[in-house]
Every structure is written in structure tokens, then in C-alpha cells.
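Each chain is listed here by its residues.
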Amino acid sequence: MNSYSFILFFFLPILWRRKKRRLSAYEQYLISEIATTQKVPSSKAKSIYYKSLKNSIGIHFNFAYLMNLPTKLMLMELKNIDIINEEILTTLEATNRPIIMASIHSGDFNSGFLKLASTSKTKRTINIVKLSKQSPKEERMITRIKEFCSNINILRFNNEIAKICFFQLRKNNIVAIMNDVEVRVNKRVPVDFMGRKCHFQCGIAQLAIPAKAMTLPVINYKDSQGNNVIKIEQPLDSQLQENENTQAAIQRLTQAIASHMESWITDHPEQFHCWEFMTKTLNAKENDKVNWHVQY
């Protein structure tokens, strides 16, 4: 055996062997929860988890790309996003009811909110609640957005966010918030979610009912052709129904929101970016404080 054959025989198998990273205990837990809630084998759950991470990184790169585009080019990019049931939003904006847009971290949600802002005809303030800290790049982008949507306003997540959102709703404005990041209203109600009975944060319902707001479920995802899509669901009315008290209304609205969230995640599990939020919701106790897992 010559030296070249020796190298091929002994070293190529080593070069070809894939070095497998050992999953942490927490990653194994997340994957097991995905397998249970989505009713899939562990191998499929692992694939969903890694695709979710990959897609999450991708949307942040895309957001950075949009932030550096001139306004005209940004609008051209947003034209490629389809909206299903846009007429629901148009009809709702024409009423005199405040609106809560409830979504989750799925698909290209950053571009989705920009698309909705660019197509909205309302003169009300559109408040977008964001977890991220203020940055010069984002401020420059917001300045450009105001060229085609002058009434947009960014609310930074903090201890007063529920109070700020409530006052904006009382002014008949719009609040857009992610339902998988819990509103800082320290209360939970039992719901059916992902095949379990669990205690779901009910901050959106607690904001909507006293403000008499309509809750509009909105989901962002990529379709089978890879196109970015926004789907607007039928609005949820917060006004008390006949013989319904406030607690029953909170329960009803929260269950409806949880059911939408479950449906969205089940339809596009690999496009959901925050499995850790979902698993903590599944295992939350009734008296757990909301947002204890959010780092500031």
C-alpha cells in the first residue's frame, strides 16, 4: 500500500464522519415537547426545532436588509407579501372600536407588520409593541416608515407596557402585540391548549374588555411556494355577551386566542420561532407571574 492509499484508507472516513453536537438537556426537553404537542416522532420534532432556529435567524437577517433599503425599495419588497382577508382589517378600521392585533413569532413577522402599516388607510395611531431595545439603525428605519405611515409608533416592552397599551386603546388607537410574549398583567386562566389543560396568560383579554377593543388575530407564514403571507382571522369581540360576566369574557377571549395560536403552530411548526415560550406556557402554574422568563 503506497502513502496515498494509506491516507485514503485511514483518514477519509474521519474527514467524512459528521461530528454530531450533543444536545443540551434543555434542547432535548424542547424537542420532546414538540414531539408531544405536534404528535410526531422525535426525529421529526428535532427537524422542526432546527428549522425553526434557521428560520428565526433568516428573518432577522431580512429585517437588517430592509432597514438599510431606501423607502422606495422597501415598499417594492413589501409588495411581494400577500394578505389573505385584507377586507376584514379594512372593515374593522372603518368602525369606531379600538383594535388589538394579536400575533405570534412566526414567519417573517417583522416584514408582516411593515406590510400592514404600508397598506393601512387608518388615521389612528398604530402602536407596535417590541421586545428589542432602541437602536440607531431601527430609528432610521422608523423615520423612513413614517414617510408612508406617519401614524406608526413603537412601544418598548417594560413594566408599564400594559398600562401604556390600555391608554392607547382608550384613545381608540391600534395596538399590535405578540401573544406568545406575555402581556404584563399578572393573571392566568385555564384553557385547552396543545391537547392539555394549562394556565394561559390573559393579558390581551384584560386589555380588550375594559377598552371595548376588537381583537384581530393575525399570522405571518411562508406558503408552499416560499412566498411571505399574512392571514387575517375573524375579529374577536370583547363586549360582554348576554348573561356573561367579565371573568367569563376573559376566559372566552383567552381560549379563542389560544385556539388560534395552537392552529397556527400546528399548521406551520417549523416557522414558529419561540418554542421555549410555548413550553413555559404549557407548564405555567395558575399563580405564576407573567414575563418571568423575559430578559431585559
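Below, the structure is looked at part by part. (Residues numbered from 1 in each chain as written. Predicted model: local features only at pLDDT ≥ 70, side-chain atom pairs only at ≥ 80, totals over all residues. Heavy atoms only, no water.)

1. Brief notes about the nonpolar core
Put simply, the test is: Here, the term nonpolar core denotes a set of buried Ala, Val, Leu, Ile, Met, Phe, Trp, Tyr and Cys residues that are joined through side-chain atoms within 4.5 Å. Using a 1.4 Å probe on the protein chains alone, a residue whose accessible area is under 20% of its type maximum counts as buried, one over 50% counts as exposed, and one in between counts as partly exposed. Only DSSP runs of H or I with at least four residues qualify as helices, and only runs of E with at least two residues qualify as strands; both kinds are numbered from the N terminus onward. When checking whether two residues touch, look at their non-hydrogen atoms; a contact exists if any pair is within 4.5 Å.
Leu116, Phe193, Leu216 and Ile232 are the most contacted members of the largest nonpolar core, which has 88 residues in total. If you tally residues by element for this core, the top one is helix 10 (residues 246-267), at eight residues. Sequence-distant contacts of Leu216, that is, excluding residues within four places in its chain, are made with Ile88, Leu89, Leu92, Ile99, Ile100, Met101, Ala102, Ile232, Glu233 and Pro235.

2. Comments concerning helix 8 (residues 161-170)
Inclusion rule: Along the arc lie the directions from the helix axis toward the C-beta atoms.
Those residues of helix 8 that fall on the buried side of the exposure criterion are Ile161, Ala162, Cys165, Gln168 and Leu169. The arc that holds every buried residue of helix 8, seen down its axis, measures 125 degrees, which confines them to one face. On the buried face of helix 8, the contacting elements are strand 2 (99-103), strand 3 (126-130), strand 4 (152-156), strand 5 (174-178) and helix 9 (203-211). Phi turns positive, to about 70 degrees, at Asn172, one or two residues after helix 8.

3. Examining the pairing of strand 3
Counted only if it meets this: Two strands qualify as a pair provided that DSSP identifies no fewer than 2 bridges between them.
Counting buried positions along strand 3 gives five out of five residues, so the element sits mostly inside the fold. Taking every second residue as pointing to the same face, both faces of strand 3 are buried, with Ile126, Ile128 and Lys130 on one and Asn127 and Val129 on the other. Pairing of strand 3 with strand 4, which is carried by five bridges, proceeds in the parallel orientation. Bridge pairing in strand 4 places Lys130 opposite Arg156.

4. Remarks on the pattern of salt bridges
Counted only if it meets this: Salt bridge, as applied in this entry: a Lys or Arg side-chain nitrogen positioned within 4 Å of an Asp or Glu carboxyl oxygen.
Scanning the entire structure with this criterion turns up six salt bridges. A salt bridge links Arg97 to Asp237; the shortest N-O distance between them is 2.8 Å. Taken as a pair, Arg97 in the loop between helix 5 (86-93) and strand 2 and Asp237 in strand 10 (residues 236-237) lie far apart in primary sequence, 140 residues in all. A salt bridge links Lys163 to Glu160, with the shortest nitrogen-to-oxygen separation between them at 3.2 Å.

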